[in-house]
Structures are given as structure tokens and as C-alpha cells.
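Architecture and fold: a report
Residues per chain, in single letters:
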Amino acid sequence: MPHRVLVPFGGNAAPAHWLGKNHLGGKGANLAEMAATGLPVPPGFIIPTPLCSQYYEAGGQLPSALVEALPEGLAHIEAAVGGRFGDAANPLLVSVRSGARVSMPGMMDTVLNLGLNRDTVEGLARRSGNRRFAFDSFRRFIQMYADVVLGLDHYLFEDALELMKDDRGVHLDTALSADDMEALVGQYLAIVEEALGRPFPMDPLEQLQGAIGAVFGSWRSERATVYRRLNHIPEDWGTAVTVQAMVFGNMGEDSATGVAFTRDPATGERAIYGEFLVNAQGEDVVAGIRTPQYLTKSARERAGAAGVSMEEAMPGVFAELASLFALLERHYRDMQDIEFTVQEGRLWLLQTRTGKRTGKAALRIACEMVDEGLIGETEAVQRVDPAVLDQLLHPTLDPAAPREVIASGLPASPGAASGAIVLDSQEAERRAALGEAVILVRAETSPEDIAGMHAARGILTARGGMTSHAAVVARGMGRPCVSGAGTIRIDAAERLVHTGRHTLSEGAIITIDGTTGQVMLGEIPTVEPELSGHFATLMEWADRHRRMKVRANAETPADCRVARQFGAEGIGLARTEHMFFDPGRIVLVRRMILAQEPAERAAALAQLLPLQRADFLEIFNEMAGLPVTIRLLDPPLHEFLPQREQDYQELAEASGLSVATLRRRAEELREMNPMLGHRGCRLGVTSPDIYGMQARAIFEAALAARTPPFPEIMIPLVATRRELDLMKTVVDAAAEEVFGAAGRRLDYLVGTMIELPRAALRAGEIAATAEFFSFGTNDLTQTTLGISRDDSAHFLAAYLEQGIYPRDPFVTLDVDGVGELVELAARRGRETRPLLKLGICGEHGGDPASIAFVEGLGLDYVSCSPWRVPIARLAAAQAALARAA
């Protein structure tokens, strides 16, 4: 069998997992590896990822070489299991599943029980001796194939099933008889023919080709496209397709299906975690169609759940499963997410993959696997995605706060969130775009809800278990989730949620706690997280391996305290303009700006000086001797001007000028393009007394600080060396005056923010004066790309969808454009001044991909939001380890 088209596994197939996940997809590579080690894996073959690209290149047609190779692939499975594909007497049925190189749970399509038709279903019934099972499998296949391949709404079939159960007076589909199932098959076939105007396809080979095409096609489905965009997965990777012999969990009470994790994906506890259903197929578990049961007795008892666990119901099979879990975790050296089926008492493994986990679980698993000797310290540092730390750095519910619990479900994804109820994904996206916190409330989620789940602060479902779609996706996104809240009833038509004693309208505020499974009325107060234990251990390891320092962007004492708590090694950007907007001093700032005479300006500056000095003293005392980079006044003056009539009245009373005079002066200062106007160092050039006052306040505060600080004074928006020369003269003069009066000195630096393309190009000249560069990548991105960050939302999404930019350039640095300017400026700056200190202080300073890029350039530090400091510390360590590898 040619490896370029199909790759067999199981049976007598040669080991093929060495071809790797890029070629076989993650699912295919793991199945091939498990089969090669002798684990109980149904045989099959893999259609590699390059065939997906060929499918799209052919306009959505299967490549002819693939079509020609399918009989040979089927023959491999037939030889291994003994059945024949399409044979009425001994039919072989197969599953057709997707398998990208990285896990995308629920985002692409699957077809089970393929190969059934009017003839083979009778053969399956005779061979199994179980007519109900055969027709249950057939009706499942019709529904799934019609949905995935033929494009029919699955609710058409679910409505027919519900009517059948109502007619028979039963609640579960397992209570329907063989005759009922056979009747449903007839109804399902009629639904297809009525909707499409043609019969359901009965040729098994036609079914197989249709399913393979549908799986390839699902790679570009809306939900998969959204997931790839959110997780930065390239579109050109494509997906592999796995065709595998079916095993059946719906053959009776000695058959089952389940999903399990080798450790708790919510907490990281080393304990088997998962669910199973007796007499069911896999989609029943993950889709939340039936609420499943626990795998272990201890988990069932902790939850106070009725029914029996798998450990109690099938002790022999459970013991075999537990031993395989331990084997797989040792083999892959990571927590595994495993799908399994029990067919008439025999265990089969259908998939293993690295399990999605919460940030808390990721830390615990990494640290404990080091303790267990499975992995080393550096691998633990590299294994934890820095972005998941964000889940740990935000408040949780205050345990002392009063709360009214209105419903309870399963604690599917930890954390807490409050927000307005929304009942569909579109409404979640709409309200979230307006800045509103929302909780997506659904009977059950499906992959089509991916965008709404991302927009929501949390997810609540009435049905589904701990491994349902909602639970798995929420954990991967770091969203709190409560699933299986069975007392909740949703009235989609009236836009209402009934919780027993309460009826809530869409828009009502609720709080969910994904750690306890509770749903509460209203908004509940929160408490700050405690960062210790595994978090502290991993951060200690990360600090041991990183090269770059990590600072914070902060200008208030509270932000400085948070920064220190999270391990910041200084302040990389203190924005002085934020201090000027304080209500107690805005009138003074406006008097300074609107002053017509030097004496008026000087008087206003004299009143601002002690206020600024107090600001800087608080920062210096909080940072206790660590470096503090203070950016002198930067924004356009018009941002400080009066906006309301009341503002003008207050300013007139304070200045003694008429409202008319103030309005005229304000109009003179207005600009057509203020972001490129009279701001930054241009303000310092035309009004050096403003920068002089700020510099004096910095040095007076520095001398008064409890611990001598190391101030770094940054001049913004420099384009030429001459601008920086003039401003450095102003700063140095203020320093000499303050030091002379005090009779003592301290060290300081004067540098600039590189945020204009010209400054980057002329960095060699500017470095003759500048003692440090801080790359202001927010404005450097705007001025390089010619895009306003504030106005880009109207078109940037289309740019990302069409691949013009691989990622939002205001989130992740545009390496090819802006990145080249940063590299050029760093290199030219250090050619002039070899010990030039280099840092980055834009939003990119907290983005792991951007941190990896600047590590390669040899920058000295990154600076980011205080809340992202741990993320930057871990990302900097990973970047250093990757660079050294």
C-alpha cells in the first residue's frame, strides 16, 4: 500500500507512527503507535494531511489516487477483522474521523457505523443476534451521515426520536424496542428523501467517499476556522482522515463507551477522571445527549451521584482500563485524554491524545511529573502554555459573600464569572462586543457555539457531563463552566430561563462557579488569587532559566504592588499623563495648557510640581530600589481640554479668564490628526518648562525615597537625535539643580522610546545621546502599518480571515515589518553604544510569541501589564530554552 496515499495500522501492518503527527495527524499517529505496541486498537488506515490540500486544490473533489487506493485500505481492515465491506452476510462497518496535527476537540466532523444499508443491517442483526442493536446503529448512521455529509439539520431526526419516545411513554432511547428502532430507520430515510428529493445513498463505497470528503471539508467549516484563529493554527496544515473498523458500545448491558483522563483535567489530581455510558456510542457522551456516569466509585461517592460507576458495574474491564491508562501516561509522559469502547465485555481504545487542561491543572501536572521522575525541570517549564496562567491570575468568588444558589450542576471548568444571561452565540458575541459581561446559557453546546463561548465570561448548560463539548472547550479556553444543571429549563421562544423557583429573562445577571457547580442569582464579590505552591515552584524554575528581565507597565501604587507580587523586576513604563487626569488636578493641568502668558504657565506648573513629586515618591517607595522608567508627558494636549460646559465654568473660576476666552484658546489647540501632532517630545521642544517640572519632580522624589531608586527618564516620540539632545539638556539641568541644592547625587539614565520608523532607521545616531531604548510597539505598529489601533476593528477581522496578517498585529508583533525595524534599531543602536539597554514596553511585552522574537534579538527586558508579568516570566524562560536548544 503506497504510504503517500494511505497508511495502515493494526493487524499485520508495519509500524508507521514514525511518519509523525505532521503527516498522519495527531489521532492517526497515536493510533498507529498504540497499535504498534500491541494495545487493543481497532485496525484501520490513515489518509495523510497532504491529501487534504489536494482535496481543496481539486475544488473539493477527492484525489483520484485516493479513490483508487480505498479498496486496498479496506482490504487491510477486512483481513484483520474478518468482515467484508458492503457484504450482506458479514458486513464490515467503519468510522471516519478527522485528525489534525494538533487537537481540535469537536471542531471537525465524524461519521460512525458507515457501511450500513438495507441489506447489511440485516446481516449485522443476524451475526450479532441483536436486531435492536443493528437498527439502532443504522438510525444513528443515517442521522450522522445526513448531518455531516448531506447537510441536513440534525434536529429533524432528533424531533422524530423524541416523538417516538413520547408515543412509547419512555424517557431514554435505550428503552425503545427493536421494532421501534426499525420504524425510526424508516422515518429517517423518509426525512432524507423528502428533504433532498433523492434517496439516502445505499452504496457503502459511495458513503465512504462522501464521508471522507465531508471530513476534509470540515477543516474549513466556520467553527474550525474560528478555533484555528483563536488558537493560531495555520490553515494550510490541513487534517488527516482516519478510517477505522467499528467497535460497538451499544450492543447491550455488557457494552459501553466512555471518555477518560489519566489525571483530573480541572485540578491536575493524579486520579482517573471521566465518564461512561452503558449501551451507547461515543457521541452520546461528548454531545451531552445523555448524562453519563462516573468511572470510579470514589468520584461517584464524592459527587453523591446515583447509579453505579464503571468500577462497580464492570470491575474486570475497569481494571484492564486503569492499567492501560498508567501505561499510556508513562509512554507519552503527559496526561492523556482517552476514548474507549467496551463491546460485549471486550475493551478497545479508540484514541489517546494529550489532554486539554486548566491552568491550575497544567501547573500541578507539570510539577508533580517532575517529582515522579517522568519529566525534567526544563521540560516542565516548556510544557505549560504561558497563556493558561491567565486563568490563575484573576479573582475568584469571595467565600464569605452571601449568595442565593438557584441551580447546581457539574463543576466542568473551574473559576467563577458573573454576567448577563444570553441564550445563543450570536447574542453573546453582540453583547460582548459592546463591553458587556455575558454568561452563555444553553441546553447543550455544540461546535457551532465556539465563537459565542469565546465571547462569554462563562458557560452554563442544562445537559451534558464533565467531558461534554461545553466542558472540554471551556477548559481549553479558560472559561468557567457548569454543565448538566438538570433543573434548568430554557424557553428559547420567550427568551426565558426557568430554574424551579425563579424565572429569569435574557439579560438577567447570574454568577456561575465552575469549581463547585453552583449557579447563583446576581453578581457575587470576588477575592484575589493566592499564588503559591505549584505556581511558585514553576515560576522559580522559569526564573532560573530565563535571560531577559520582566518589568511592568504601572504608574499607581496599587499597580506597582500587584507588579511586585507577580515578580516584576522594575517598572518599564510609568505613563505620567495618567497622573494628570486625576480629578483633583485636571483644572491645574488645563490652566497650564491654556495659559497665554509665561507667568500663568509657571504658576500652574509650580502647583503641579509637589503633586508630581508625591506621585513619583509613591512609585519609588513601592519599587524599593528597582529600576523605574518614567515617560514624560506624551499625549496630545487636546485630551486634557475641557469637554463639557461645567468643565469650562470650573476652569474660568480657577483661572480668572472668561469662558469665551477659554473656548477660543481651546479651539486654537485642536488638531486634525492629534496622534501625529503636538505631542511627545514636540511638546517638550515648544514648552520645555513642562518637561523641566516633571524632571525636577522625579529627582526630588528619588532623593526622598526610602531606598535609593534607579530612575530612567524616557523622552517619547523622538524622531531625530536633535530632539533628544534638547530634551536631555532640560533633564540634566533639572538634575544638577536638584542635586546641587540637596548636596548629594544619584545615578539615572536618559533614553527614548522608539515608536517612529524614522527613529528606528536613525537609531545609530540617536544612540549617541540615548542611554537606553524602549520600543513602544503600540505606536510603532500604528506608524509602520499606517493603521489606527482604535479604528482597525472595522476591517482587521477581514484581514485576519484572508491571511493578510497571520495574527492581530496589535496583539502579536508583526515580525516581518515592525519586527525588522526593531531588529535594525537594536543592532544600529548597539553598534554606536555597545552597552545600550534595550527593552519593549508596548502590549507586545506580555505576548509569548512577541517575547520569543525579542529574545532572539537580545533585548534586556520586556515590560507588560502587571497581571501579565507571570505570563511574561514563563514565556521569557521558554524563549531562552528554545534559543539555547
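Structure: above.
Residues numbered from 1 in each chain as written. Predicted model: local features only at pLDDT ≥ 70, side-chain atom pairs only at ≥ 80, totals over all residues. Heavy atoms only, no water.

**Quick look at the packing of helix α24 (residues 645-655) against helix α25 (residues 659-669)**
Keep this limit in mind: Here the axes come from fitting lines to C-alpha atoms, over the contacting stretch only for helices, and the angles between their N-to-C directions go from 0 to 180 degrees. Only DSSP runs of H or I reaching four residues or more are called helices, and only runs of E reaching two or more are called strands; each is numbered from the N terminus. Our angle categories are set so that under 35 degrees counts as roughly parallel, over 145 as roughly antiparallel, 65 to 115 as roughly perpendicular, and the remainder as oblique. Should the near helix be turned counterclockwise from the far one by less than a right angle, the crossing is left-handed, whereas a clockwise turn marks it as right-handed. Contacts between residues were defined by any pair of non-hydrogen atoms, one from each residue, lying within 4.5 Å. Amino acid classes used here: Ala, Val, Leu, Ile, Met, Phe, Trp, Tyr, Cys and Pro are nonpolar; Asp, Glu, Lys and Arg are charged; the rest, including Gly, are polar.
For the pair α24 and α25, the least separation of the axes is 9 Å and the interaxial angle reads 110°. In this view, α24 runs roughly perpendicular relative to α25, as classed from their interaxial angle. Considering how the two elements wind past one another, α24 and α25 form a crossing that is right-handed. Residue-level inspection shows E645, Y648, Q649, L651, A652 and S655 of α24 in contact with α25, the latter providing V659, L662, R663 and A666. Among the residues forming the contact of α24 with α25, the class breakdown is six nonpolar, two polar and two charged.

**Overview of the environment of A432**
Basically, it comes down to this: Using a 1.4 Å probe on the protein chains alone, a residue whose accessible area is under 20% of its type maximum counts as buried, one over 50% counts as exposed, and one in between counts as partly exposed.
Tracing the chain through its elements places A432 in helix α16 (residues 425-433). For A432, a relative accessible area of 24% corresponds to the partly exposed category. Distance from A432 to R479, taken between C-alpha atoms, is 14 Å for residues 47 residues apart in sequence.

**Considering the packing of aromatic side chains**
Formally: Any two rings among Phe, Tyr and Trp, with Trp reduced to its six-membered ring, count as a pair given centres within 6.5 Å; such a pair is stacked if its planes are under 30 degrees apart, edge-to-face if over 60, and tilted if neither.
Within the structure shown, the criterion is met by 15 aromatic pairs. Ring plane angle 65° and centroid distance 5.2 Å describe the contact between F566 and W867, whose orientation is recorded as edge-to-face. Of this pair, F566 sits in the loop between α20 (557-565) and β27 (571-575) while W867 is found in the loop between β33 (861-864) and α35 (869-884), placing the two residues 301 residues apart along the sequence. Residue W867 is classed as partly exposed on the basis of its relative accessible area of 27%.

**Focus: the pattern of salt bridges**
Definition in use: One speaks of a salt bridge when a side-chain nitrogen belonging to Lys or Arg is within 4 Å of a carboxyl oxygen belonging to Asp or Glu.
The tally for this structure, following the rule as stated, stands at 56 salt bridges. Here E622 and R561 are joined by a salt bridge, their closest N and O atoms 2.7 Å apart. One end of the pair, E622, is in helix α23 (residues 598-623); the other, R561, is in helix α20, and 61 residues separate them in sequence. For R561, a relative accessible area of 44% corresponds to the partly exposed category. Among the ionic pairs, E577 bridges to R631, the shortest N-O distance being 2.4 Å. In this pair, E577 is assigned in helix α21 (residues 576-580) and R631 in strand β28 (residues 627-631), connecting sequence segments 54 residues apart. The class for R631 is buried, based on a relative accessible area of 9%. Counted as one network, the salt bridges with shared partners bring together R132, D136, R139, R140 and D173.

**Some words on the layout of surface pockets**
Basically, it comes down to this: Throughout, the protein atoms alone are placed on a 1 Å grid, and a set of points is a cavity if a 1.4 Å probe fits but cannot get out or a pocket if it is open with protein on both sides within 12 Å along at least five of seven lines; lining residues have an atom within 4 Å of a point. Grid points are joined across faces, edges and corners, and a volume is the space filled by probe spheres set on the points.
The computed volume of the second largest pocket comes to approximately 670 Å³. By residue number, the principal contributor to the lining of the second largest pocket is helix α31 (residues 777-785), which donates five residues.

**Structural notes on the packing of helix α22 (residues 586-594) against α24**
In the contact formed by α22 and α24, the axes pass within 10 Å of each other and the chain directions differ by 75°. The angle between α22 and α24 falls in the class roughly perpendicular. Side by side, α22 and α24 meet where V587, R590, R591 and L594 of the first sit next to D647, L651, A654 and S655 of the second. Per-class residue counts for the contact of α22 with α24 are four nonpolar, one polar and three charged.

**Details of the sheet that holds β27**
Rule in force here: By the convention used here, strands pair only if DSSP detects at least 2 bridges between them.
Spatial ordering of the closed barrel is given by β26-β27-β28-β29-β30-β31-β32-β33, a layout of eight strands whose pairing is parallel. Taken over all neighbouring pairs, the strand axes of this sheet differ in orientation by 25° on average, direction set aside. Two strands pair when backbone bridges link them, and β28 and strand β29 (residues 710-715) are joined in this way by five bridges, in the parallel orientation. When the sheet's bridge partners are listed, V628 is paired in β29 with P711. Along the sheet, α35 contacts β26 (549-553) and β33; its crossing angle with β26, the most-contacted strand, is approximately 155°.

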